[in-house]
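Each chain is listed here by its residues.
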Amino acid sequence: MYSHPSLDPNGEWIEIYNAGMTSLNLAGYKIGDEETQGKAEGMYQLPVGYSLGPGQTLVIANMASQFIADYGFQPDYELAESDPDVPNLVKYTTWGTGIISLANIGDELLLLDPLDQVVDALSYGDSQWAFSPSCPTVAPGHSLERRPANHDTDSAADWVEQGQPAPGQVTLSAWDRLVAWFWAIFH
């Protein structure tokens, strides 16, 4: 969610979903909106020892207090201190020196591995950094959602506008689950 209806960027949040059949060790992974190492947008690092089980989600809110007010539960992490019960991610200043503040007219979001290689990304609106054409912009209060959640073609076609965002909840059809199982077995 990059465009909160009234409290941008405080109401922004990011979700990572493990579509695989095994746990993912995300220690040392980074997430942010800085596409070039050493520039001024933000990049944050996931903590040592963090793993994401199959079918699980990781929700990172800009401010946990706003996220809780909007959705009624705590995110896994927050970027700006607002709730002492929600751990903060640490800035990864080797890559980006600023904060994550997703521009409403267009921006990008990157997931870096421990070696700072881009393992997933998207761009929307006027940014064509990851996709050309980029994902379309969405209305305030809506989010961009990969659909189906377990299908990644590295294109904007993977992403749709979600009019009723439900962070932390991923629903796959029986067909999508079968395709994921088949892919895991024969890939």
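1. Side note on the pattern of salt bridges
Tallied over the entire structure, the rule returns 4 salt bridges. Of the charged contacts, one joins D116 and K30 as a salt bridge, the two residues approaching to 2.8 Å between their closest N and O atoms. Linking D116 in the loop between β10 (106-112) and β11 (118-125) with K30 in strand β3 (residues 30-32), this pair joins segments that are 86 residues apart in sequence. For K30, a relative accessible area of 2% gives the class buried. In this structure, D152 engages R146 in a salt bridge whose closest nitrogen and oxygen atoms are separated by 3.5 Å.

2. Description of the sheet that holds strand β7 (residues 77-78)
The strands that make up a sheet are held in pairs by hydrogen bonds between backbone atoms, and each pair lies either parallel or antiparallel. Judged by pairing direction, the sheet is mixed, and its 3 strands sit side by side in the order β1-β6-β7 without closing on themselves. In this open sheet, the two edge strands, each paired with only one partner strand, are β1 (13-17) and β7. In this structure, strand β6 (residues 57-61) lies alongside β7, joined through 2 bridges in parallel fashion. Pairing of I60 across the sheet is with Y77, part of β7. Contacts from helix α1 (residues 64-71) reach β1, β6 and β7 within the one sheet, and its direction differs from that of β6 by about 115 degrees.

3. Here's the deal with the nonpolar core
Grouped together as the largest cluster of nonpolar side chains are 27 residues, with contacts concentrated most on I31, L58, I60, L89 and L144. At the level of secondary structure, the elements contributing two or more residues to this core comprise β1, β6, β10 and β11. In this structure, L58 is in contact with I14, E15, I16, L46, Y50, L52, D76 and Y77, ignoring residues within four places of it in sequence. Counting residues in hydrophobic clusters, the runner-up holds 6 residues, among them Y92, W95, L112 and A121.

Conventions we followed
Residues numbered from 1 in each chain as written. Predicted model: local features only at pLDDT ≥ 70, side-chain atom pairs only at ≥ 80, totals over all residues. Heavy atoms only, no water. Salt bridge = Lys/Arg side-chain N within 4 Å of Asp/Glu carboxyl O. Helix = DSSP H or I, 4+ residues; strand = E, 2+ residues; numbered from the N terminus. Buried < 20%, exposed > 50% of the residue type's maximum accessible area, 1.4 Å probe, protein only. Pairing = 2+ DSSP bridges. Contact = heavy atoms within 4.5 Å. Axes fitted to C-alpha atoms, helices over the stretch in contact; angles between N-to-C directions. Core = buried A, V, L, I, M, F, W, Y, C linked by side-chain atoms within 4.5 Å.

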